[in-house]
Amino acid sequence: MTEAKAHPPLISMRNIKKSFGSVHALQGASIDVHAGEIVALVGDNGAGKSTLVKVMAGVHGWDAGDYEFEGKPVNIKSPADANALGIQTVYQDLALCNNLDAVQNLFLGRELAGPKIFGRRIRRAECEIRAKEVMARMRLGNLSLSRPVGAMSGGQRQNIAIARSILWTPKVVILDEPTAALSHSASAQVSSLIRTLADEGLGVVVVSHDIHHFVVEATDRIEVMRLGANVASFKSEDVTGEQVVNAMVGGNEGVNLAG
Ligand SMILES: Nc1ncnc2c1ncn2[C@@H]1O[C@H](COP(=O)(O)OP(=O)(O)OP(=O)(O)O)[C@@H](O)[C@H]1O
Ligand SMILES: [Mg+2]
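Residues numbered from 1 in each chain as written. Chains lettered and ligands numbered in written order. Predicted model: local features only at pLDDT ≥ 70, side-chain atom pairs only at ≥ 80, totals over all residues. Heavy atoms only, no water.

- The name recorded for the chain in an unreviewed UniProt entry is Sugar ABC transporter ATP-binding protein, from Octadecabacter arcticus 238.

The structure is reproduced here in structure tokens:
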């Protein structure tokens, strides 16, 4: 399709294979991520979801298959390579420092530094302004920026981790289990946050086991993996949680309702 050529997916992974010794974690996995869409990656434990997103994020190399970013083959060898392309990942443990406040966490390891002549002092004021901008953009303006994040709820911490990932305006954000251990209302907040990101044109990839409350309701497309390969694709609006779960456990071979 000419239109598809004019706007290639941000990410296109085809037939990716990855083994750890004798464990064939990925046996030909594929995924496309377009600008402005939220793609869910689902599957039973051990299906290969985390391995696929780790290949996407440069944590693992891959043994075979094609990985293209904006239509061009890439050779991502490290998370730094992925970051440089505009791929950011929010891992399940969030990697936040509980004793630091939101601003400090947002800029952890990459604080805005003053001119070298002043010994690169961290400019707290500038970080605060930047943090406020990002939080406002994400409609999180009412989150306290000066409380230690250890004192915040799981949902608030998740939101800060997501805010941190978008500080440098990535093109793709990957979230591994963003709603695990969150209450229903906190999950709803995360859902609306990732929709805001997609509406701004980011591609969002979410790994989730929360099929009924999150995947079906908050995403656009669903890729189902089993034993390291894709077994079904759905448009989220066309499918029930039960159909997705059936595909995960093997009830619905090779279903493709994604159009
Ligand atoms: N670093 C590793 N070394 C060896 N084997 C691994 C490694 N990472 C993953 N595996 C194996 O690869 C397979 C896929 O694991 P992966 O973590 O990708 O599954 P998953 O779909 O994310 O599962 P879960 O839902 O439990 O998180 C599993 O058999 C797992 O044991
Ligand atoms: Mg996993």
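1. Points about the overall build of the chain
Here's step 1: Looking only at helices and strands, the chain features nine helices and eleven strands.
Here's step 2: Relative to its 259 residues, the chain shows a buried fraction of 49%.
Here's step 3: Carbon and sulfur atoms provide 51% of the accessible area of the chain, an area that totals close to 12300 Å². (Helix = DSSP H or I, 4+ residues; strand = E, 2+ residues; numbered from the N terminus. Buried < 20%, exposed > 50% of the residue type's maximum accessible area, 1.4 Å probe, protein only. Areas by Shrake-Rupley, 256 points an atom, 1.4 Å probe, with all protein chains shown as cover.)

2. Considering the packing of aromatic side chains
Here's step 1: One pass over the full model with this rule turns up one aromatic pair.
Here's step 2: Summarising the aromatic geometry, the rings of W62 and Y67 are spaced 5.5 Å apart at their centres and angled 55 degrees between planes, so their arrangement reads as tilted.
Here's step 3: Among the residues examined, Y67 registers a relative accessible area of 3% and is labelled buried. (Phe/Tyr/Trp six-rings, centres within 6.5 Å; stacked < 30°, edge-to-face > 60°.)

3. As for the site of ligand 1
Here's step 1: The environment of ligand 1 is made up of F20, V23, A25, D44, N45, G46, A47, G48, K49, S50, T51 and H209.
Here's step 2: With respect to ligand 1, the backbone of A47 contributes an N or O atom lying 3.2 Å from an oxygen atom.
Here's step 3: K49 is positioned with one of its side-chain polar atoms (N or O) 2.7 Å from an oxygen atom of ligand 1.
Here's step 4: Isolated, ligand 1 exposes 630 Å² of accessible area, and the fraction of that covered by the protein chains is 59%.
Here's step 5: Those elements that place two or more of their residues in the shell around ligand 1 are strand 2 (23-33) and helix 2 (49-56).
Here's step 6: Examining the composition of the shell around ligand 1, we find that three residues originate from one element, helix 2, more than from any other.
Here's step 7: Split by residue class, the shell around ligand 1 holds four nonpolar, six polar and two charged. (Near = heavy atom within 4 Å. Polar contact = N/O pair within 3.5 Å; in protein donor to acceptor, adjacent residues only side chain to side chain. Nonpolar A, V, L, I, M, F, W, Y, C, P; charged D, E, K, R; others polar.)

4. Overview of the side chain of N159
Here's step 1: Within the secondary structure, N159 sits in helix 6 (residues 154-166).
Here's step 2: The class for N159 is buried, based on a relative accessible area of 2%.
Here's step 3: If we skip the residues at most four places from it in the chain, N159 touches M138, L140, L143, Q189, V190 and L193. (Contact = heavy atoms within 4.5 Å.)

5. Focus: the pairing of strand 3 (residues 38-43)
Here's step 1: Among the six residues of strand 3, six are classified as buried, and the element is accordingly described as predominantly covered.
Here's step 2: Residues I38, A40 and V42 line one face of strand 3 and the alternating positions V39, L41 and G43 line the opposite face, and both faces are buried.
Here's step 3: Here strand 3 pairs with strand 8 (residues 203-207) via four bridges, running parallel. Residue pairing across strands places V39 opposite V205, the latter belonging to strand 8.
Here's step 4: In this sheet, strand 9 (residues 221-226) lies alongside strand 3 in parallel orientation, the contact comprising five bridges. Paired with V42 across the strands is V224, a residue of strand 9. (Pairing = 2+ DSSP bridges.)

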